[in-house]
Amino acid sequence: MERKDSKHSLAAEVPPALRPGREFVHALALSQAAVVSSRQKLSATSRADAVRRFIAWSLARLRESSADFADVEHGNDGELGIWLELPRSQREKFGGSTRVRLRLDALNEIVPADDEMPGDLSRPQQAVLPWLIQQLGEAQVITHAVPWAQPASVHEIAKDLFAAYQVDGGTMHLAGCTLEDRVILGLTYRYRVNKTQPNERDVAVFIAPDGALIDDATVAALGLHDRRVITQPPRIHPEELIRLVEVIRQNGDRVRDRELARDGHVAGDGTDLRRVSCELRSGVFIWCKYAEGKIQFDFGDESTSVPFSGWARVVRPQPFHCPYTGVASYHIAQTDDGRIVAADEIETCQLSGRRVLRDELVECAVSGLRVAAELAEACPVTELHVLPEHMVECPMCRQRVAPASLEQGQCATCRSRQRADRDDERLVRILGHYPMLVDWGDVRLSESLTTYNLTISRRLQRLMLVLDKATLAPLHAASARRWSNTWSPLTVDELTDALS
Ligand SMILES: [Zn+2]
């Protein structure tokens, strides 16, 4: 984990002059022939400093790798100038000169605006930096490369992506797919705690375009070690380059902090950070194919798609997210009413034979058949789903119920009436609707999902009322003698008479 809080970062304690990467940043900018410095609005002095450091760094690298440069010297030529010697083998390119001078306050003029490298060598002012960058490339200090093996077209990756999906009754194809070159930076630093002790080591890291360090497994999967140098790299958009510059700048600090931590140093432990250096030694721009697009699934007039994105060598197909069930799946099919869904969520109604979503089926509590919910009735007493032909009528309240709710000729609602007080909210509502019931007493009340079920008494008469819960309309009425359990159904007229 990288710590973002600079208060706890060793980087915050390191003098700016020792932060690594700066020279490479300029090599990066210059090697891409982008006018980064002018965009950054550097002062002439800091621009001159930047180029001076870059030249010093470049010559140091070239001296290490090429005998030609072994004795090449350079030095300041006033505040805004620099001179450098040319190796014998290179002098002819500069008209036989042994050394060249550069005016560093005219950087924009000496950075070529196009890809023509190394520029017009007859004009040293314009030619020296491009030439130097070319030398760095030839010495493999700064190079561009591509992995030996990576997909060259979207169709090469499409085959693998398609293989992940099973599409029942439909087809799939690529839609809106691009394959573009994106750069992964391979940077090698020399980490040294104390110049007088031989405890230096080289540290190689790979950085993704977003600045994240790439782990070893991904480095292997992308083939970043197994690469070949290219001489005509893709252009980097100036905005992207400025972003990369910032990534490299931050990475230098990050590598140094990581190595310090690996050596057991922690912030504030008294380590003399001025003796710690982490110098960038070489860098390679590795151009990797990045794929982005979507796979479209067509079922007649209906279609859906699944996006994918990633490095082409390792891009993985993403599962289809079923919008109806929320299930992620690589197996896709269509219901009979045309919805594109996760295939494993489809089930066939055992009554109609229609293919619908599993959670749209209910199990008939009597037959055990799994059927579309609209084909079954819901018992208002037990909430069980039952096919209409298996529903029964309660002999007492005459409501259609599941057989399981009947016991001794009564449904559970009829069996569970309880004495209700006058302040029972349900009774208040019923009496509000039927004021003629106010005179009646001994109220016993129960309810199902859809009905109120009550008995009331007056003198020697008892009434049973089954009312629609929503409208309070009477669904069934019956009367009985006060002490009898024999109920006689009432017509609407008889009910009206009984209540009057
Ligand atoms: Zn009943």
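Check the entry above for the structure.
Residues numbered from 1 in each chain as written. Predicted model: local features only at pLDDT ≥ 70, side-chain atom pairs only at ≥ 80, totals over all residues. Heavy atoms only, no water.

A.B. asks: Would you mind going over the overall build of the protein in detail, with residue names and values included?
C.D. replies: From N to C terminus, the protein includes 11 helices and 28 strands. Look at the contacts in the protein between residues 6 or more apart in sequence, and 51% of them connect residues 24 or more apart. When the accessible surface of the protein is split by element, carbon and sulfur atoms take 48% of a total near 25,600 Å². (Helix = DSSP H or I, 4+ residues; strand = E, 2+ residues; numbered from the N terminus. Contact = heavy atoms within 4.5 Å. Areas by Shrake-Rupley, 256 points an atom, 1.4 Å probe, with all protein chains shown as cover.)

A.B. asks: An account of helix α11 (residues 492–499) is requested, with residue identities and associated values reported.
C.D. replies: Of all the residues in α11, the buried ones are Leu 495, Ala 498 and Leu 499. All buried residues of α11 project into a common sector of 95° when viewed along the axis, lining one side. Set apart from the buried face of α11 by more than 90 degrees, the exposed residues are Asp 493 and Asp 497. Those residues of α11 hidden inside the fold are in contact with β25 (451–458), β26 (461–468) and β27 (474–481). (Buried < 20%, exposed > 50% of the residue type's maximum accessible area, 1.4 Å probe, protein only. Arc of directions from axis to C-beta.)

A.B. asks: Now, about the pattern of salt bridges: what can you tell me, with residues and values included?
C.D. replies: On inspection of all chains with the given rule, the structure shows 25 salt bridges. Salt-bridge contacts for Arg 190 lead to Asp 202; the nearest nitrogen and oxygen are separated by 2.7 Å. Of the two residues, Arg 190 is situated in strand β6 (residues 171–192) and Asp 202 in strand β7 (residues 201–207); the sequence distance between them amounts to 12 residues. Since its relative accessible area comes to 21%, Arg 190 is described here as partly exposed. Owing to a relative accessible area of 46%, Asp 202 belongs among the partly exposed residues under this scheme. The closest approach of N and O atoms between Asp 336 and Arg 355, which form a salt bridge, is 3.8 Å. Linking Asp 336 in the loop between β13 (331–334) and β14 (340–342) with Arg 355 in strand β16 (residues 355–357), this pair joins segments that are 19 residues apart in sequence. (Salt bridge = Lys/Arg side-chain N within 4 Å of Asp/Glu carboxyl O.)

A.B. asks: Could you give me a rundown of the coordination of the zinc ion, with the residues and numbers involved?
C.D. replies: When a metal carries six donors in an octahedron, the ideal angles between them are 90 or 180 degrees, while four donors in a tetrahedron ideally lie at 109.5 degrees. Protein coordination of the zinc ion is provided by Cys 394 (SG), Cys 397 (SG), Cys 411 (SG) and Cys 414 (SG), with donor distances spanning 2.2 to 2.3 Å. For the zinc ion, the 4 donor atoms in the first shell make angles of 103 to 116° at the metal, a pattern classed as tetrahedral. (Donors = N, O, S within 2.8 Å, 3.2 Å for Na, K, Ca; no water. Tetrahedral: all angles 85-135°; square planar, octahedral: opposite > 155°, others 65-115°.)

A.B. asks: Let's hear about the sheet that holds strand β2 (residues 81–85): which residues, and what values?
C.D. replies: With antiparallel pairing, 3 strands are arranged side by side in an open sheet as β1-β2-β3. Only two strands of the sheet have a single partner each, and these edge strands are β1 (74–76) and β3 (99–103). In this sheet, adjacent strand axes meet at a mean angle of 20° when their direction is disregarded. Across 3 bridges, the pairing between β1 and β2 is antiparallel. Note on β2: the bridge partner recorded for His 74 is Leu 84. (Pairing = 2+ DSSP bridges. Axes fitted to C-alpha atoms, helices over the stretch in contact; angles between N-to-C directions.)

A.B. asks: Kindly report on the sheet that holds β26, identifying the contributing residues and their values.
C.D. replies: Sheet architecture is open: 6 strands sit in the order β23-β24-β25-β26-β27-β28, paired in antiparallel fashion. Of all strands in the sheet, those bounded by a partner on one side alone are β23 (418–419) and β28 (488–489). As paired elements, β27 and β28 share 2 bridges and run antiparallel to each other. The residue of β28 that forms the bridge with Ser 479 is Ser 488. Its contacts with the sheet put helix α10 (residues 425–433) on β24 (441–447), β25 and β26, and the angle it makes with β24 is roughly 110°. Each of β25, β26, β27 and β28 touches α11; the most contacted strand, β26, lies at about 125° to it.

A.B. asks: Explain the environment of Ala 175 residue by residue, including any values.
C.D. replies: Mapped onto the secondary structure, Ala 175 falls in strand β6. Relative accessible area serves as the criterion here: at 11%, Ala 175 is assigned to the buried category. Sequence separation between Ala 175 and Ile 295 is 120 residues, and the spatial gap between their C-alpha atoms is 5.8 Å. Sequence-distant contacts of Ala 175, defined by excluding residues within four places in its chain, comprise Gly 293, Lys 294 and Gln 296.

A.B. asks: Requested: an account of the pairing of β2, with residues and values cited.
C.D. replies: Within β2, 4 of the 5 residues are buried, which leaves the element mostly enclosed by the surrounding structure. Where β1 folds back on β2, the antiparallel hairpin that results is connected by 4 residues, among which Gly 78 adopts a positive phi of roughly 80°. Across 5 bridges, the pairing between β2 and β3 is antiparallel. What sits directly across from Leu 84, in β3, is Val 100.

A.B. asks: Go over the packing of aromatic side chains, please, and point to the residues and values.
C.D. replies: Two measures describe an aromatic ring pair: the distance that separates the ring centres and the angle between the ring planes. For the coordinates displayed, the defined rule picks out 5 aromatic pairs. Here the aromatic cluster, defined as three or more aromatic residues joined through ring pairs, consists of Phe 69, Phe 94 and Trp 131. Its guanidinium or amino end placed over the ring of Trp 83, Arg 99 lies 3.8 Å from that ring's centre, counting from NZ or CZ. Its end group placed over the ring of Trp 148, Arg 228 keeps NZ or CZ at 5.6 Å from the ring centre. (Phe/Tyr/Trp six-rings, centres within 6.5 Å; stacked < 30°, edge-to-face > 60°. Lys NZ or Arg CZ within 6 Å of the ring centre and 35° of its normal.)

A.B. asks: Lay out the nonpolar core with the relevant residues and their values.
C.D. replies: Within the largest apolar cluster, 47 residues are counted, with the highest numbers of intra-cluster contacts made by Phe 54, Ile 55, Leu 132 and Leu 187. Examining the composition of this core, we find that 7 residues originate from one element, helix α5 (residues 124–138), more than from any other. In this structure Ile 55 touches Ile 82, Leu 102, Leu 129 and Leu 132, once residues within four positions along its chain are discounted. Ranked by size, the runner-up nonpolar core spans 24 residues in total, among them Ala 376, Cys 379, Cys 394 and Cys 414. (Core = buried A, V, L, I, M, F, W, Y, C linked by side-chain atoms within 4.5 Å.)

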